[in-house]
Amino acid sequence: ARGAGVGVGVGVGRKRGRAGLEEEEGSLGSTATAPLVSLLQEVVAALQRRALNMDLATQPQPYRLLYDFFVARSDMRGAARAMVAYARRLRAEGPPGSATVAEALTAYELALNALALQDPEDAWLDVHSDPWLAAHTVPGASPPAFPLAGAADLDGGPADVGADGPAGTSASAVGARVGGVAITQHALTLEYVLMRASAEVVATGASPGTDPLQAQRSPEDVLSQLLGVRAYDSAHRLALCAWPAGRQQQTRALEALAGAMAREAARLQLQGEGGGDAAGPFADFLSSVPPSTRAEGTPSSPHPQQQQQPPAALAQAGGPSTNTNPAAAPSSASPL
């Protein structure tokens, strides 16, 4: 009987052992099949929540912390996303003034530099599946936000970029790849150029009612303002960025720029002949153009009348010659 009792006890123990082992294996299996939480995703989500909910005056700046975090991990697209959000948040909630404008422009430049380190086919930001970035919009822009590109942008508009565009890829192809909405490198560049040009116009005092932090109505309006303040460099940059090469809009913009420069050149020449100072925006722009690209007959000096004075040898001989053929004049008397 004692032996039988021992046998029964051993059998019960074995059954309990097997049941416990099966239960332990079952718990391990449930743990292995449970979804694992990425610590990196949790850190990024925490930094994004902090950036979105904290005041812009918070130091250290949460958006810059997020940017530095992505740069440290060599995630240039994430770094660009952080700076685009920061620039748009400054435009929406930042205090008005030149300091906010300068900070927003710096954020755009950091974002563009980060995207420039990507391959051209990867130089875009997904807005369709990123609600955090989608929550940052340019104030005054009609939804969806101005610099978005998708399949609907095939036939023109500032967001349409061909294969030879700055981004090196089609905006419509990018939009189709990410589900319809993306911020391309070209579109982000245009957003930056428009804001910078608007700030330049406001700095001249020519448009006191314009706010550079607000979304601009159209590239045509900004181009007209730039020509009005004789900012030819910025106007040329905007014309090349706002419309694809070969499009009618770009041709018209460049023609308007050429006409404005011709009128300014004539005004400066008349002013110089009258004894005034002919130095101005046109002379600054012309000095930046390589001599090999200047049109024949374009003055290279802000004082063209100095080259039209008769040489001293002719003056001593009794005044300037009435011969209108330059080839007939002696070589020693040539003003060149």
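Everything below is about the structure shown above.
Residues numbered from 1 in each chain as written. Predicted model: local features only at pLDDT ≥ 70, side-chain atom pairs only at ≥ 80, totals over all residues. Heavy atoms only, no water.

Peer 1: Before we move on, could you go through the overall build of the protein chain and cite the residues and values that matter?
Peer 2: Summing up its helical and strand segments, the protein chain has 13 helices and two strands in all. Long-range contacts, defined as pairs at least 24 residues apart, comprise 62% of the intrachain contacts of the protein chain with a sequence gap of at least 6. When the accessible surface of the protein chain is split by element, carbon and sulfur atoms take 55% of a total near 19,000 Å². (Helix = DSSP H or I, 4+ residues; strand = E, 2+ residues; numbered from the N terminus. Contact = heavy atoms within 4.5 Å. Areas by Shrake-Rupley, 256 points an atom, 1.4 Å probe, with all protein chains shown as cover.)

Peer 1: Before we move on, could you go through the packing of aromatic side chains and cite the residues and values that matter?
Peer 2: Between two aromatic rings, the relevant description is the distance of the centres plus the angle of the planes. Scanning all chains against the criterion turns up four aromatic pairs. Members of the aromatic cluster, connected to one another through ring pairs, are Y63, Y86 and W132. A cation over a ring is seen here: R77 above W124, with NZ or CZ 4.4 Å from the ring centre. Over the aromatic face of F70 sits the side chain of R81, whose NZ or CZ is 5.6 Å from the ring centroid. (Phe/Tyr/Trp six-rings, centres within 6.5 Å; stacked < 30°, edge-to-face > 60°. Lys NZ or Arg CZ within 6 Å of the ring centre and 35° of its normal.)

Peer 1: Can you tell me about helix α9 (residues 219–228), naming the residues and giving the values?
Peer 2: Looking at α9, one finds that the buried residues are P219, V222, L223, L226 and L227. In a view along the axis of α9, the buried residues occupy a sector of 135°, so they form one face of it. (Buried < 20%, exposed > 50% of the residue type's maximum accessible area, 1.4 Å probe, protein only. Arc of directions from axis to C-beta.)

Peer 1: Break down the pattern of salt bridges for me, with residues and values.
Peer 2: A side chain with one charge may pair with a side chain of the opposite charge, provided their charged atoms come close. Counted by the stated rule, this structure contains eight salt bridges. A salt bridge links E93 to R89; the shortest N-O distance between them is 2.8 Å. In this pair, E93 and R89 both sit in helix α4 (residues 76–93), four residues apart, roughly one turn of the helix. Owing to a relative accessible area of 7%, R89 belongs among the buried residues under this scheme. Put simply, R230 and E264 hold a salt bridge, and the shortest N to O gap is 2.9 Å. Separated by 34 residues along the polypeptide, R230 in the loop between α9 and α10 (232–242) and E264 in helix α11 (residues 248–273) bring together distant segments of the chain. With relative accessibility at 6%, the residue E264 sits in the buried group. Three or more residues joined by partner-sharing salt bridges are found here, namely R88, R91 and E191. (Salt bridge = Lys/Arg side-chain N within 4 Å of Asp/Glu carboxyl O.)

Peer 1: Outline the packing of α9 against α10, supporting the account with residue identities and numerical values.
Peer 2: Packing of α9 against α10 brings their axes to within 8 Å, and their N-to-C directions diverge by 160°. Taken together, the axes of α9 and α10 are roughly antiparallel relative to one another. Crossing geometry of α9 relative to α10 is assigned as left-handed. Residues P219, V222, L223, L226 and L227 of α9 form the contact with α10, whose own contacting residues are Y232, S234, A235, L238 and A242. When grouped by side-chain class, the residues that make up the contact of α9 with α10 number nine nonpolar, one polar and no charged. (Axes fitted to C-alpha atoms, helices over the stretch in contact; angles between N-to-C directions. Parallel < 35°, antiparallel > 145°, perpendicular 65-115°, else oblique. Left-handed = near helix turned anticlockwise from the far one by under 90°. Nonpolar A, V, L, I, M, F, W, Y, C, P; charged D, E, K, R; others polar.)

Peer 1: Any details on the nonpolar core? Residues and values, ideally.
Peer 2: One finds Y63, L133, L188, L226 and L238 to be the most contacted residues of the largest nonpolar core, which totals 60 residues. The greatest single-element share of this core, amounting to 10 residues, is contributed by α4. Sequence-distant contacts of L188, that is, excluding residues within four places in its chain, are made with V84, Y108, A111, L112, L115 and I183. (Core = buried A, V, L, I, M, F, W, Y, C linked by side-chain atoms within 4.5 Å.)

Peer 1: Can you explain empty space enclosed by the protein? Please cite residues and give values.
Peer 2: Counted by the stated rule, this structure contains one cavity of 30 Å³ or more. Taken as a whole, the largest cavity spans an internal volume of roughly 40 Å³. Together, V193, R196, A197, E200, S234 and R237 line the largest cavity. Those elements giving two or more residues to the lining of the largest cavity turn out to be α8 (185–203) and α10. Here the residues of the lining of the largest cavity are counted per class, giving two nonpolar, one polar and three charged. (1 Å grid on protein atoms, 1.4 Å probe; cavity = no way out; pocket = protein on both sides within 12 Å on 5 of 7 lines; lining within 4 Å. Points joined across faces, edges and corners; volume = space filled by probe spheres on them.)

Peer 1: Describe the environment of R89, listing the residues and the values that go with them.
Peer 2: Distance from R89 to H136, taken between C-alpha atoms, is 6.1 Å for residues 47 residues apart in sequence. The residues contacting R89, other than those within four sequence positions of it, are A51, L52, M54, D55, L56, Y63, G94 and H136.

Peer 1: I'd like to hear about helix α5 (residues 98–116), residue by residue, with values.
Peer 2: Taking 1.5 Å per residue, 19 residues should reach 27 Å; α5 reaches 27 Å between its end C-alpha atoms and fits that length. Three or more residues of α5 are buried, namely T100, V101, A104, L105, A107, Y108, A111, L112, A114 and L115. Packed against the buried residues of α5 are α4, β1 (124–126) and α8. (Expected span 1.5 Å × (residues − 1).)

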